[in-house]
Amino acid sequence: MKKGIHPEDYRPVVFKDMSNGDMFLTRSTCKTKETVEFEGETYPVVKVEISSSSHPFYTGKTKLVDTAGRVDKFLSRYGRAKKK
């Protein structure tokens, strides 16, 4: 790998999926003030609403779970489209 191509603050960061609590460690320059204990070490944490562990495309689930309930509200109001 070439030397000096990464920013100075490129460091290990934990990303936490808030919908299911999964965490994964990667390197990033994201700014954060919060930290979390992960695999015996303390790392900065970035909280995300959805990740590959909870996204319907990656999990195979057909129902989208959102925090505001907008999808369920739409489906209950207008129902599913019927094919002719």
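One structure accompanies this document, and this report is about it. Values in this document were obtained by computation on a predicted structure and should not be read as measured data. (Residues numbered from 1 in each chain as written. Predicted model: local features only at pLDDT ≥ 70, side-chain atom pairs only at ≥ 80, totals over all residues. Heavy atoms only, no water.)

## Examining the pattern of salt bridges
Taken as a whole and judged by the stated rule, the model has two salt bridges. With a closest N to O distance of 2.5 Å, Lys 31 and Asp 9 form a salt bridge. Taken together, the positions of Lys 31 in the loop between β2 (23-28) and β3 (35-38) and Asp 9 in the segment before β1 (11-17) put the pair 22 residues apart, joining distant regions of the chain. A residue is classified by how much of its surface remains accessible, and Asp 9, at 27% relative accessible area, is partly exposed. With its nearest N and O atoms 3.1 Å apart, the salt bridge here joins Glu 34 to Lys 47. With Glu 34 in the loop between β2 and β3 and Lys 47 in strand β4 (residues 41-48), this pair connects stretches of sequence that are 13 residues apart. (Salt bridge = Lys/Arg side-chain N within 4 Å of Asp/Glu carboxyl O. Helix = DSSP H or I, 4+ residues; strand = E, 2+ residues; numbered from the N terminus. Buried < 20%, exposed > 50% of the residue type's maximum accessible area, 1.4 Å probe, protein only.)

## Structural notes on the packing of aromatic side chains
We describe a pair of aromatic rings using the distance from one ring centre to the other and the angle between the two ring planes. Tallying each qualifying case throughout the model produces one aromatic pair. Between Phe 15 and Phe 24 the ring centres are 5.7 Å apart and the planes differ by 15°, which places this aromatic pair in the stacked class. Here Phe 15 falls in the buried class, since its relative accessible area comes to 13%. Take Phe 24: its relative accessible area is 37%, and that puts it in the partly exposed class. (Phe/Tyr/Trp six-rings, centres within 6.5 Å; stacked < 30°, edge-to-face > 60°.)

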